[in-house]
Each structure stands twice: as structure tokens, then as C-alpha cells.
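# Chain and residue survey
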Amino acid sequence: MATGSRKLIAVVEFKQRIGPPELEMGKTVIDAAVKAGVKHAVHASLLAASKLTNGKVPLLAFDGKYSSQHKAAISEYMLEPGKFETASVVSAGWFLENAFDPKYTAAFGGFATTKDDEGFLTYRVPAMGNDPESVPWLAVADDYGDFVHGVFLDPEKWNRQYIHGVSESASFSELTAMFQKSKSLPRGTKHRPYGANGLGLQLLENQPDMSRFPKEG
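Residues numbered from 1 in each chain as written. Predicted model: local features only at pLDDT ≥ 70, side-chain atom pairs only at ≥ 80, totals over all residues. Heavy atoms only, no water.

## Topic: the overall build of the chain
When its secondary structure is counted, the chain shows nine helices and nine strands. Expressed as a percentage of its 217 residues, the buried residues of the chain come to 42%. When contacts within the chain are restricted to residue pairs at least 6 apart in sequence, those whose partners lie at least 24 apart make up 75%. (Helix = DSSP H or I, 4+ residues; strand = E, 2+ residues; numbered from the N terminus. Buried < 20%, exposed > 50% of the residue type's maximum accessible area, 1.4 Å probe, protein only. Contact = heavy atoms within 4.5 Å.)

Here it is in C-alpha cells:
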């Protein structure tokens, strides 16, 4: 990291495809930023679900598959006194872009690119668990950078704050209805809830517990 940099946005991959564990990578990035004299830092992070729910709902994406991979632990390390003049955490909601990722469309029934046998774009996913249902959607490409930019415009105001990166909250049914309206689809879209057991896909390892998280969090 170049000496003279004043601001850092730390984004660390949690799936550990290559390289060291996430916590080790995160600490390396933060230590390098401190050494370079960075004054203001933002970490793209997630809450520790198991901590929020007293261990009732651990989640791979929120807690890491191993204890050394917690995003929350990186945030805590960044927030330690003496590292930065200001440090903030900006979380990410449910990526709207996932609806156009082939891995996710295949796992969740085809929405929003592949029609089912009846000609519908169907979103098959367990109900979120809160009542009324509300999913914290995030348009990453359009909005996440704006959230971070807003923090950096007034870093003292947001110092040591946890900011929820959410573009709009809506149920799965509301999302599919809005998509249908925006695209003027003649055949339409639908949300079809289904049980959270027996999903059988590694991609969906989070999903059964994700649907319970709003009840326990």
C-alpha cells in the first residue's frame, strides 16, 4: 500500500478459494494500511450471526466456516484503538445481482433469467422468517459504493458505526412482482416458498438458517 494514502475500503473474500484464511488476510490488509499512514478505514463486513443469536443460528457467510475466518473478527481488529482516526463497518444486504448469477438462478428456481416448465420466472426459496416478511436487498453495483462514499465524506460522524448497506427492503413476492412490472412480462413471475430441509446444494448451505435468522437475531 502506497504511503500517503488516507482512506481504505477493505473487502476480503470469505470463501477461501486460495491463500490464507480470511482473518489473516484481513489483518494483513489493516496492518499495511496502518503502516502506510491511512487515517480513515471502512470494512465491508457482516455481523457475527452466532453472537447475535447466542449461538442459535450460526451462518457460514456471517461467521465463517472456521473461527479464524470471521468477518466480524476483522472488523473488531480494525476498530481497535490506535489504528485509525476513524473506522466504520458497512455491511451488505442480499445482493440483487444474485438473481442474474447462473449459480444462484439454478439454485433458486430460475428467477430472474430462466423460465420454469410453466413459463414462469420462479423464485423458489424458503420464507425469510420475519412477519411481515422483509428482505434487506442491496443493489451492489449501484448503491454500495455510495454508502462507502457517504462515510468518507464525513468520517467523524460515522466513526465506529455499523452501517447496514440496504437499497430497499421487500418480501420475495414483492420483489418478483416489481420485476414483472418493470419488464412488462406477459407470462409473469412468482415466488414459490418451499421447505428449508434437504436442499442438497453447497451453495445453499446458508439458506435454512438464513430463514431462521430474523426470528432469533
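On we go from here.
## Section: helix α1 (residues 22–36)
With 15 residues, α1 should cover 21 Å at 1.5 Å per step; its first-to-last C-alpha distance of 21 Å lies within 8% of that length. Among all positions of α1, only Glu22, Leu23, Gly26, Ile30, Ala33 and Ala36 are buried. The arc that holds every buried residue of α1, seen down its axis, measures 165°, which confines them to one face. Across from the buried face of α1, at angles greater than 90 degrees, the exposed residues are Thr28 and Lys35. (Expected span 1.5 Å × (residues − 1). Arc of directions from axis to C-beta.)

## Overview of the sheet that holds strand β8 (residues 168–170)
Pairing is mixed across the open sheet formed by three strands, whose spatial order is β4-β6-β8. The open sheet terminates on both sides in strands that have one partner only, identified here as β4 (94–95) and β8. Pairing geometry for β4 and strand β6 (residues 135–138), over two bridges, is parallel. Considered in β6, the bridge of Trp94 is made with Trp137. (Pairing = 2+ DSSP bridges.)

## Notes on the packing of aromatic side chains
Tallied over the full model, the rule gives ten aromatic pairs. The interplanar angle of 70° and the centroid separation of 6.0 Å between the aromatic rings of Phe108 and Tyr123 together place this pair among those described as edge-to-face. A residue pair is termed long-range when its members are at least 10 positions apart, and Phe108 in the loop between α5 (102–107) and β5 (121–124) and Tyr123 in strand β5 qualify at 15 residues. When its relative accessible area of 5% is taken as the criterion, Phe108 is described as buried. (Phe/Tyr/Trp six-rings, centres within 6.5 Å; stacked < 30°, edge-to-face > 60°.)

## Things to note about the nonpolar core
Core analysis: the largest hydrophobic core is formed by 17 residues, its most contacted members being Trp94, Phe111, Tyr123, Trp137 and Phe172. Among the elements of the structure, α5, β5, β6 and α7 (172–183) are those that each provide at least two residues to this core. The element contributing the most residues to this core is α7, with three residues. Other than its neighbours up to four places away in sequence, Tyr123 contacts Trp94, Phe108, Phe111, Trp137, Phe172, Leu175, Thr176, Lys190, His191 and Arg192. Counting residues in each nonpolar core, the second largest holds 14 residues, with Ala10, Ala41, Phe84 and Ala87 among its members. (Core = buried A, V, L, I, M, F, W, Y, C linked by side-chain atoms within 4.5 Å.)

## A short note on the environment of Asp131
Considering the arrangement of structural elements, one finds Asp131 in the loop between β5 and β6. Distance from Asp131 to Ser171, taken between C-alpha atoms, is 9.9 Å for residues 40 residues apart in sequence.

## Structural notes on the side chain of Ser91
Locating Ser91 in the fold gives a position in strand β3 (residues 86–91). Aside from chain neighbours lying at most four places away, what touches Ser91 is Ser45, Tyr144, Tyr162, Ile163, His164 and Gly165.

## Quick notes on the pairing of β6
Direction of pairing for β6 relative to β8: antiparallel, over a ladder of three bridges. Across the sheet, residue Pro136 finds its bridge partner in β8, namely Ser169.

## Topic: the confidence of the model for the chain
Chain-level statistics for the chain give a pLDDT mean of 81 and a share of 77% at 70 or above. Note on residues 195–203: pLDDT is under 50 here. Beyond four places in sequence and across chains, it has 13 contacts. (pLDDT = per-residue confidence, 0-100.)

## Some words on helix α4 (residues 71–78)
The α-helix winds at 3.6 residues per turn, so residues separated by three or four positions along the chain end up facing the same way. Among the eight residues in α4, six count as buried, and that is most of the element. Where α4 is concerned, the buried positions are Lys71, Ala72, Ile74, Ser75, Tyr77 and Met78.

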